[in-house]
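Geometric and topological summary
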Amino acid sequence: MALITCRNLCLGYDGREILHDLSFEVNKGDYLCIVGENGSGKSTLMRTILGLQHPLSGQILTGDGLRRGEIGYLPQQTPVQKDFPASVWEVVLSGFEGSCGWRPFYTKAEKRRAEENIRAMGIEQLSGRCYRELSGGQQQRVLLARALCATSKLLFLDEPVSGLDPKVTAEMYDLIENLNHEQGITIIMISHDIGAALRYASHVLHIGDSVFFGTREAYRSSGIGTAYAGGGRAQ
Amino acid sequence: MTNVLEKLTLYWQYPFVRYALAVGVLISLCSSLLGVTLVLKRFSFIGDGLSHVAFGAMAIASVLHLTNDMPLVMLITVLSAIALLCTGQNARIKGDAAIAMISVGALAIGYLLMNLFTTSSNLSGDVCSTLFGSTSILTLTNAEVWLCTVMSVIVVAAFVFFYHKVFAVTFDESFAAATGVKTKVYNFIIAVIIAVIIVLAMNLVGSLLISALVIFPALSAMRVFKSFRSVTICSAVFSIFCSLLGILISILAGTPVGSTIVAADIVMFFLFSAAGALFRGARG
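Residues numbered from 1 in each chain as written. Chains lettered and ligands numbered in written order. Predicted model: local features only at pLDDT ≥ 70, side-chain atom pairs only at ≥ 80, totals over all residues.

1. Observations concerning the overall build of chain B
As a reminder of what qualifies: Helix and strand labels come from DSSP, where a helix needs a run of H or I of at least four residues and a strand needs a run of E of at least two; each type is numbered from the N terminus. Labels follow a simple rule on C-beta atoms placed from the backbone: if 20 or more others lie within 10 Å of a residue's own, it is buried; if 12 or fewer, it is exposed; otherwise it is partly exposed. Contact between residues is assigned whenever the C-beta positions, reconstructed from backbone atoms, fall within 7 Å.
Helix and strand content of chain B: 14 helices and 0 strands. Scanning chain B from its N terminus toward the C terminus, one meets helices and strands in the order α-α-α-α-α-α-α-α-α-α-α-α-α-α. Counting the 284 residues in chain B, one finds 47% classified as buried. Taking as baseline every contact in chain B between residues at least 6 positions apart, the subset at least 24 positions apart corresponds to 74%.

Next comes the structure, spelled out in C-alpha cells:
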C-alpha cells in the first residue's frame, strides 16, 4: 500500500472550495513536487495532509507502516522565529517533541540522533549559535535537521528555497536529493521552481484550473506541463 | 549606610515585611517564566487585559458581597485566558484586538458595577488601590502568603515539566502540530498558568502594572542572551532582583510598591540594552 493515498479530496476554508475531487498517491521513495499558481491551494493541500486542517470531503489514508507522528515537516518561516531567542541545538532537538508524549525531557538516544542530523546537514559548527542570527540558508538547514528528528520516512517541504540565493538554492536541492536517494526518505515538496521540479522530482502534482498527477516524464509531455513549463525543456 | 541597614533590620522584624518580600519573590519568578512566550506570541498586553478582567471579577464579587473573592476571580480570569489564547490563528478577532476588547470592556463593567452597588464612601480610593496595588502587598495575611506559596510552587513545577513543550509550541506551532505534539492541550495549559499568575500578581503590583512584570524581564534578557534556556533563567533572576530592589526601596523611601518595582525594571532594562549593544559591538 502507498505511504499516503488521497481519495476524492475537496479542500478549502470558510466553506469556500479551492480544490475539487483530487486523488493521488505517494509511494515509498517517491520525490513528489507540487506545483501550481499562487492561491491554487498548494499550502492548503499540504496542511490538510499533515492534519493541520480538515478536508471538506474525501479521504487521506496513510499506509506502509506510516504513523501520524512520523512525518517530518519544513514549514515556511513565521514572523515569530525572526526574533526568537533559541540556539540551533534547542531548535533541532525540538523535532523530537512529537514522539515525547508526556515525557518532559529528551533521552540520550534522541540527543545522539540530533547530533547526527546536525552533522548530516553540515552545521555542527553552528550548534551553539543563535538561530535568528543565521543566514537564510543556514536556517533552512537547521529546520531540515529538526524535521529529520521527527521522521526517517517522509518529509514535507513547503517552498524550501524561497528567498535563498542561487548557490544556496542548489546546495539545498542537493541536500534534499541526497536524503531521497541515500537515506530513502520520501519527499513531498511544494515549489515555485518548475525547472527544479522537472530535474529532481520523480512525480509531479500540478494543481490549479487543470489538475495533473503523474511521473515527471508524463508531465513533460502533457499539455498542461508544456504550457506551464514552456515544454519542460528548461533543463 | 549604617542608617539604612539599621532601618532594614528594624523592618525585618515585622512579619508583614517578610511576607511582602517572600510573596514578591514568588510572584516575580512566576510571572517572568512565561514572559518570553507571551512577548513572542504578540501577547505582551495579555497581562493588562487579564488583570482588567480580574478587576471586573473583583467588582462582581464585591457586589455579591463575597467574603473570599479569590475563587470567582480565578475562574473568570482563567476562562478569559483560555478564550484569548486557545482560539488560535483562525479567530475572527485576533491577538491585540481581542485583548483590547476584553480589557477595556471588563474595566468599564467593573467600574460601573462598583459605582452602582458600592457601599464604600471612598470609591475612587478603592478602585485606585485595586488598579495600582498600593499597599496591599504589605497587608497580606498568613493564609494569603501560604496560598501564594503553594500556587507558585505548582506554577514553577508545571513550567519545568512542560518546558520543552512550551518551547516547541511557541517556536513553531505548525511544525509541532504536524509532528504529533498536542498543541491545543499545551496552549490550554499555558493559558491556565498565565491566568493563575496574573490573579496572584494582582496582589503585588495591582492590575495595571502586571504587564511590566511579564514583559520587562523577558525583553531585557533577550537583549543579552541567545538561547531559550539562558533567556528564561536570566529573566527569572532579573525579575526577582528587581522586585526585591523595588520592595526594599519602597519600604525605605515610602514610595508605592508597584510603581517602584516597575521603575527598577525600567532602569535594569536600559542597562541590559546597553550591555547587549556593547556585546554586539565588541563582536561585530
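Still more ground to cover, so stick around.
2. With respect to the sheet that holds strand β1 (residues 4-13) of chain A
All names here are of chain A. As a reminder of what qualifies: Strands are treated as partners if at least two bridges between them are detected by DSSP. Here the axes come from fitting lines to C-alpha atoms, over the contacting stretch only for helices, and the angles between their N-to-C directions go from 0 to 180 degrees.
Strand order in the open sheet formed by 3 strands is β2-β1-β4, and the pairing between neighbours is antiparallel. Each edge of the sheet is formed by a strand with only one pairing partner; in this case those strands are β2 (16-26) and β4 (57-62). Across the sheet, the mean angle from the axis of one strand to that of its neighbour is 25°, orientation sign disregarded. Where β1 lies against β4, 5 bridges are found, and the strand directions are antiparallel. Within β4, the position partnered with Thr5 by the bridge is Leu61. Each of β1, β2 and β4 touches helix α1 (residues 42-49); the most contacted strand, β1, lies at about 120° to it.

3. Structural notes on the interface of chain A and chain B
Operational definition: Residue polarity follows a fixed list, in which Ala, Val, Leu, Ile, Met, Phe, Trp, Tyr, Cys and Pro are nonpolar, Asp, Glu, Lys and Arg are charged, and the others, Gly among them, are polar.
Taken together, the contact pairs 25 residues of chain A with 24 residues of chain B. For the side of chain A that touches chain B, the secondary-structure elements that each account for two or more residues are β5 (71-74), α2 (79-82), α3 (88-93) and α4 (97-100) of chain A. Residues of the side of chain A that touches chain B, tallied by class, amount to 15 nonpolar, 7 polar and 3 charged.

4. Digging into the nonpolar core
Stated formally: Any set of buried Ala, Val, Leu, Ile, Met, Phe, Trp, Tyr and Cys residues joined through C-beta atoms within 7 Å is what this text calls a nonpolar core.
Core analysis: the biggest nonpolar cluster contains 153 residues, and Ile34, Val92 and Ile187 of chain A together with Ala54, Ile194 and Ile198 of chain B have the highest contact counts within it. For this core, the element with the most residues is helix α11 (residues 183-205) of chain B, which contributes 12 residues.

5. Concerning the pairing of β1 of chain A
All names here are of chain A. Two elements, β1 and β2, share 7 bridges in a ladder whose sense is antiparallel. Paired with Tyr13 across the bridge in β2 is Arg16. Counting the residues in the hairpin turn of β1 and β2 gives 2 residues, including Asp14, whose phi is positive at 50°.

6. Let's talk about the sheet that holds strand β9 (residues 212-215) of chain A
Adjacent strands of a sheet pair through backbone hydrogen bonds, lying either parallel or antiparallel. Residue and element names in this part refer to chain A. Read from one edge of the open sheet, 6 strands run β5-β6-β7-β3-β8-β9, paired in mixed fashion. Across the chains shown, the open sheet's two edge strands, defined by having one partner strand only, are β5 and β9. Direction aside, the axes of adjacent strands within the sheet are offset by 15° on average. Where strand β8 (residues 203-206) meets β9, 4 bridges bridge the pair, whose relative direction is antiparallel. Its bridge partner being in β9, His203 is matched across the sheet by Thr215. Each of β3 (31-35), β6 (154-158) and β7 (186-190) touches helix α7 (residues 166-182); the most contacted strand, β7, lies at about 150° to it.

7. Describing unusual backbone geometry
All names here are of chain A. One non-glycine residue, Asp21, lies in positive phi territory at about 50°. Relative to the elements of secondary structure, Asp21 occurs in strand β2. Positioned with a positive phi, Glu159 is a non-glycine residue whose angle comes to about 45°. In this structure, Glu159 sits in the loop between β6 and α7.

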